[in-house]
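Structural description and commentary
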Amino acid sequence: MKKLYSTVMMLAMMVAALSLTACGGDDDEVDNGKGEASIVGVWECTYFDFDSDYPEQFDNAGMQIGDRIRFESSGRYQANYKSGDIETGRWTLKGNTLTVAADVEDISIPFDYKITKLTSTELEFTFDMKIMKLLYRCKRIS
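Conventions adopted
- Residues numbered from 1 in each chain as written.
- Predicted model: local features only at pLDDT ≥ 70, side-chain atom pairs only at ≥ 80, totals over all residues.
- Heavy atoms only, no water.
- Core = buried A, V, L, I, M, F, W, Y, C linked by side-chain atoms within 4.5 Å.
- Buried < 20%, exposed > 50% of the residue type's maximum accessible area, 1.4 Å probe, protein only.
- Helix = DSSP H or I, 4+ residues; strand = E, 2+ residues; numbered from the N terminus.
- Contact = heavy atoms within 4.5 Å.
- Polar contact = N/O pair within 3.5 Å; in protein donor to acceptor, adjacent residues only side chain to side chain.
- Pairing = 2+ DSSP bridges.
- Phe/Tyr/Trp six-rings, centres within 6.5 Å; stacked < 30°, edge-to-face > 60°.
- Lys NZ or Arg CZ within 6 Å of the ring centre and 35° of its normal.
- Salt bridge = Lys/Arg side-chain N within 4 Å of Asp/Glu carboxyl O.

Okay, the nonpolar core next. Core analysis: the biggest nonpolar cluster contains 24 residues, and Ile39, Trp43, Phe71, Tyr77, Leu98, Leu123 and Tyr136 have the highest contact counts within it. Mapped onto this core, the elements with two or more residues apiece are strand E1 (41-52), strand E2 (68-71), strand E3 (76-80), strand E5 (97-102), strand E6 (110-118), strand E7 (122-128) and strand E8 (132-140). Top element by residues in this core is E8. It accounts for four residues. If sequence neighbours within four positions are ignored, Phe71 has contacts with Ile39, Val40, Gly41, Trp43, Arg76, Tyr77, Trp91, Leu98, Val100 and Leu123.

Bringing the environment of Ala102 into the picture now. Tracing the backbone shows Ala102 in strand E5. For the pair formed by Ala102 and Thr88, sequence separation is 14 residues and the distance between their alpha carbons is 5.7 Å.

Here we come to the environment of Asn80. Mapped onto the elements of the fold, Asn80 is located in strand E3. Classification of Asn80 as partly exposed rests on a relative accessible area of 29%. In sequence terms Asn80 and Arg68 are twelve residues apart; their C-alpha atoms lie 5.2 Å from each other. Polar side-chain contacts of Asn80 include one of 3.0 Å to the side chain of Gln78.

What follows is about the pairing of E8. In terms of strand pairing, E1 meets E8 through nine bridges, oriented antiparallel. Bridge assignment links Ser52 to a residue of E8, and that residue is Met132. The pairing of E7 with E8 spans seven bridges and is classified as antiparallel. Counted as the bridge partner of Thr126 is Leu135 from E8. In this structure, the hairpin formed by E7 and E8 is closed by a connection of three residues.

To continue, consider the packing of aromatic side chains. For the structure shown, the criterion picks out seven aromatic pairs. When the centroid spacing of 6.3 Å and the interplanar angle of 15 degrees are considered together, the rings of Phe48 and Phe50 count as stacked. One aromatic cluster is present, formed by Phe48, Phe50, Phe111, Tyr113, Phe125, Phe127 and Tyr136 through successive ring pairs. Above the plane of the ring of Tyr47 lies Arg137, whose end atom (NZ or CZ) is 4.4 Å from the centre.

What follows deals with the pattern of salt bridges. If you walk through the whole model with that rule in mind, you get five salt bridges. With a closest N to O distance of 2.8 Å, Glu72 and Arg70 form a salt bridge. Owing to a relative accessible area of 26%, Glu72 belongs among the partly exposed residues under this scheme. Here Glu124 makes a salt bridge to Arg137, at a shortest N to O gap of 2.6 Å. Here the residue Glu124 occupies a position in strand E7, and Arg137 occupies one in strand E8, the gap between them amounting to 13 residues. On the basis of relative accessible area, Arg137 is assigned to the partly exposed category, the value being 35%.

On the basis of relative accessible area, Glu124 is assigned to the buried category, the value being 18%. There is a polar contact of 2.7 Å between the side chain of Glu124 and the side chain of Thr116. Within the local environment of Glu124, its side chain forms a polar contact with the side chain of Arg137, the two groups lying 2.6 Å apart. Filtering out sequence-adjacent residues up to four positions away, Glu124 remains in contact with Lys114, Ile115, Thr116, Lys117, Leu135, Tyr136 and Arg137.

In structure tokens, the structure reads:
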């Protein structure tokens, strides 16, 4: 009986030791939308690049440097623009595709962005259409 008890205790200690060493650190540096880092939080746009065949028509497209967006765990978002405008809507993240749909009166058109980088402190995403391409880099502020 003592031998059985010793064997069970030894196995329990080995399982405990393996479970403690099998856990990775809190290193969520390269996620790219795969679920290791969370997009939930407040982000501030620190870089914006814009490429279009029609620059005069899309001069103020999307977020600008200094604009902020808050992604809530409920699937809601709020964008606060330096201009004073506020936009609210819904968001989903599937793989590296971030879909946002603004709250508007009669229609809500979803837009898909590709997340190219998501860490605990950085978010980078693009919006690519045939007539324009937008690149955003944001830092987490909360």
